[in-house]
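Listed below are the residues making up each chain.
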Amino acid sequence: MALNETDTMNFTQSIWLDKNTQEVTVIDQRKLPFEETTQTLATVDDVCFAIKDMVVRGAPLIGVTAAYGLYIAAKTNFDLSLAYGALLATRPTAINLKWALDSQMNVVSSIKKEDIEQALLNNANNIRDEDINMCSQIGNHGFHLIKQIHEQTRRSVNILTHCNAGWLATVQWGTATAPIYKAHQAGIPIHIWVDETRPRNQGANLTAWELSHAGIPFHVITDNAGGHIMQHGKVDLVLVGSDRTTAAGDVCNKIGTYLKALAAYENNIPFYAALPVSTIDWSIKDGVNDIPIEERSNEEIIFMHSYSGERISKSMIMPANTPVKNYAFDVTPSRYVTGIITERGICKANEESLKKMYGR
Ligand code: MRU
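Residues numbered from 1 in each chain as written. Predicted model: local features only at pLDDT ≥ 70, side-chain atom pairs only at ≥ 80, totals over all residues. Heavy atoms only, no water.

**Student:** Got a minute to help me understand the site of the ligand in this structure?
**Tutor:** Taken together, 19 residues form the shell around the ligand, and within it Ala59, Arg91, Gln202, Asn253 and Lys254 come nearest. Interatomic distance of 2.8 Å between a side-chain N/O atom of Arg91 and an oxygen atom of the ligand. Within the complex, the protein chains bury 100% of what would otherwise be the 420 Å² of accessible surface of the ligand. Contributing elements (two or more residues each) for the shell around the ligand: helix H2 (59-75) and strand E9 (251-254). (Near = heavy atom within 4 Å. Polar contact = N/O pair within 3.5 Å; in protein donor to acceptor, adjacent residues only side chain to side chain. Areas by Shrake-Rupley, 256 points an atom, 1.4 Å probe, with all protein chains shown as cover. Helix = DSSP H or I, 4+ residues; strand = E, 2+ residues; numbered from the N terminus.)

Put into structure tokens, the structure is as follows:
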């Protein structure tokens, strides 16, 4: 189903309840930008598959989808603790997954059996709405950074982003893209450098798709180009999302983020991570040692997806049994992070500032 062929499709929302059937519906992100299709999630297996195979991806959206997964479990009489375990095991790095599942289990612990299904639906809807609100607030706070740079330079602000931390990775707005969308809406001239983000190319496939629909000027660059453009004064600000941020401000994000942070540090370019509270893991401080880094299938490195103009296919770019390692995330230590943009405001990447921001 093409995105523009249904009135139930939301062009800037990644997950919704179908207007007629009330079923949980998502965009199949594996096929973007070439095919704009949706998937209905009707069983716990559907939800686990969607998260694991990256039909949906991006830390906040993984959490929201999993929250609906527990509602679907109740609706289909699937044991809730088994569903919790299966959903939690789908992807190890993004802490939003556990945050959302725990929120749902808290709801269940305090109500009568016959009310569970409705309560899980209500809470999943709340988690979804809260995510929209938090990302919008992140946008409002991050907007001021972009505005400030524009006022200083009086020219278009060049922002580098990695992976897709856009509305496709959340429910609406995105995290790193929220300030970008707000600046664009306010008429501030901006230009985005989009890292292609191997091996799954979320930058080239998803961020580029989002930005072109929004009419925001951008160029996709290879993952290795960031250092070069930073050395030549072509980047004013690096803005990324996060899959898990420690209480001490270490930022875990898509593989390659760390190298961008090092290059930004060396070139005196501000490096900000934009994230909602659901991404903060208050239980750990040392990101490099304590955050589990997902390792994904070799196939993602050995094969590339391409589009012939008619269909999507995959082709090998190295011999089939080439030994490869596919680390999906890396950790940027807090000392390289200029600041963290949250729904509550912008703070320093350290324990004191983060705790003060959240009144902990
Ligand atoms: O493997 P993915 O595509 O789920 O990774 C997504 C990212 O790394 C995003 O940058 C992160 O989730 C922040 S999203 C708002």
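On we go from here.
**Student:** Which parts of the structure should I look at to understand the sheet that holds strand E4 (residues 157-161)?
**Tutor:** Pairing between the strands of a sheet comes from backbone hydrogen bonds, and it takes one of two forms, parallel or antiparallel. One open sheet accounts for 7 strands, arranged E6-E5-E4-E7-E10-E15-E16; its pairing is mixed. The strands lining the two open edges of the sheet, one partner per strand, are strand E6 (218-221) and strand E16 (345-347). For this sheet the average axis-to-axis angle between neighbouring strands, irrespective of direction, equals 25 degrees. In this structure, strand E7 (residues 237-240) lies alongside strand E10 (residues 271-274), joined through 3 bridges in parallel fashion. Each bridged residue has a counterpart across the sheet, and for Val238 the counterpart in E10 is Phe271. This element, helix H5 (residues 116-153), spans E4, strand E5 (190-195), E7, E10, strand E15 (339-342) and E16 of the sheet and lies at about 130 degrees to E15. With respect to the sheet, helix H9 (residues 257-266) is in contact with E4, E5, E7 and E10, its orientation differing from that of E10 by roughly 145 degrees. (Pairing = 2+ DSSP bridges. Axes fitted to C-alpha atoms, helices over the stretch in contact; angles between N-to-C directions. Contact = heavy atoms within 4.5 Å.)

**Student:** Explain the nonpolar core to me, please; I cannot follow it from the model alone.
**Tutor:** One broad trend across soluble globular proteins is that nonpolar side chains are buried collectively. With 40 residues, the main nonpolar core has Ile15, Tyr68 and Leu80 as its most contacted residues. Residue assignment for this core shows that the elements contributing at least two residues are strand E1 (15-17), strand E2 (24-27), helix H1 (44-52), H2, helix H3 (80-88), helix H4 (96-109) and H5. By residue number, the principal contributor to this core is H2, which donates 12 residues. Filtering out sequence-adjacent residues up to four positions away, Leu80 remains in contact with Leu70, Ala73, Ala74, Met105, Val108, Ile116 and Leu120. (Core = buried A, V, L, I, M, F, W, Y, C linked by side-chain atoms within 4.5 Å. Buried < 20%, exposed > 50% of the residue type's maximum accessible area, 1.4 Å probe, protein only.)

**Student:** Sorry, what's going on with the packing of aromatic side chains here?
**Tutor:** Remark: the centre distance and the inter-plane angle together describe each pair of aromatic rings, the angle taken between the planes. Within this structure, the stated rule accounts for 5 aromatic pairs. With a centroid separation of 4.8 Å and an interplanar angle of 15 degrees, the aromatic rings of Phe34 and Tyr307 are classed as stacked. Taken together, the residues Phe34 in the loop between E2 and strand E3 (38-41) and Tyr307 in strand E12 (residues 303-307) connect sequence positions 273 residues apart. Judged by its relative accessible area of 34%, Phe34 falls in the partly exposed class. (Phe/Tyr/Trp six-rings, centres within 6.5 Å; stacked < 30°, edge-to-face > 60°.)

**Student:** What is the right way to read the sheet that holds strand E14 (residues 329-332) from this model?
**Tutor:** An order of E11-E8-E9-E14 is seen for the 4 strands of this open sheet, with the pairing classed as mixed. Across the chains shown, the open sheet's two edge strands, defined by having one partner strand only, are strand E11 (280-281) and E14. Sheet analysis places strand E8 (residues 244-246) next to E9, joined by 2 bridges and oriented antiparallel. Each bridged residue has a counterpart across the sheet, and for Thr245 the counterpart in E9 is Val251.

**Student:** So what exactly am I meant to see when it comes to the environment of Val24 here?
**Tutor:** Note on placement: Val24 falls in strand E2. Taking relative accessible area as the criterion, Val24 reaches 2% and is therefore assigned buried. In this structure the C-alpha to C-alpha distance between Val24 and Tyr71, which are 47 residues apart in sequence, comes to 10.0 Å. Setting aside chain neighbours within four positions, we find Val24 in contact with Ile15, Trp16, Leu17, Gln39, Thr40, Leu41, Tyr68 and Ile72.

**Student:** Help me out: how do you make sense of the packing of H2 against H5 in this one?
**Tutor:** Two packed helices can be described by the angle between their axes and the distance between those axes. It is at 8 Å that the axes of H2 and H5 come closest, and there the two elements cross at 170 degrees. The orientation of H2 relative to H5 falls into the category roughly antiparallel. Mapping the contact onto sequence places Pro60, Val64, Ala67, Tyr68, Leu70, Tyr71, Ala74 and Lys75 in H2 and Ile116, Glu117, Leu120, Leu121, Ala124, Asn125, Ile127, Arg128 and Asp131 in H5. When grouped by side-chain class, the residues that make up the contact of H2 with H5 number 12 nonpolar, 1 polar and 4 charged. (Parallel < 35°, antiparallel > 145°, perpendicular 65-115°, else oblique. Nonpolar A, V, L, I, M, F, W, Y, C, P; charged D, E, K, R; others polar.)

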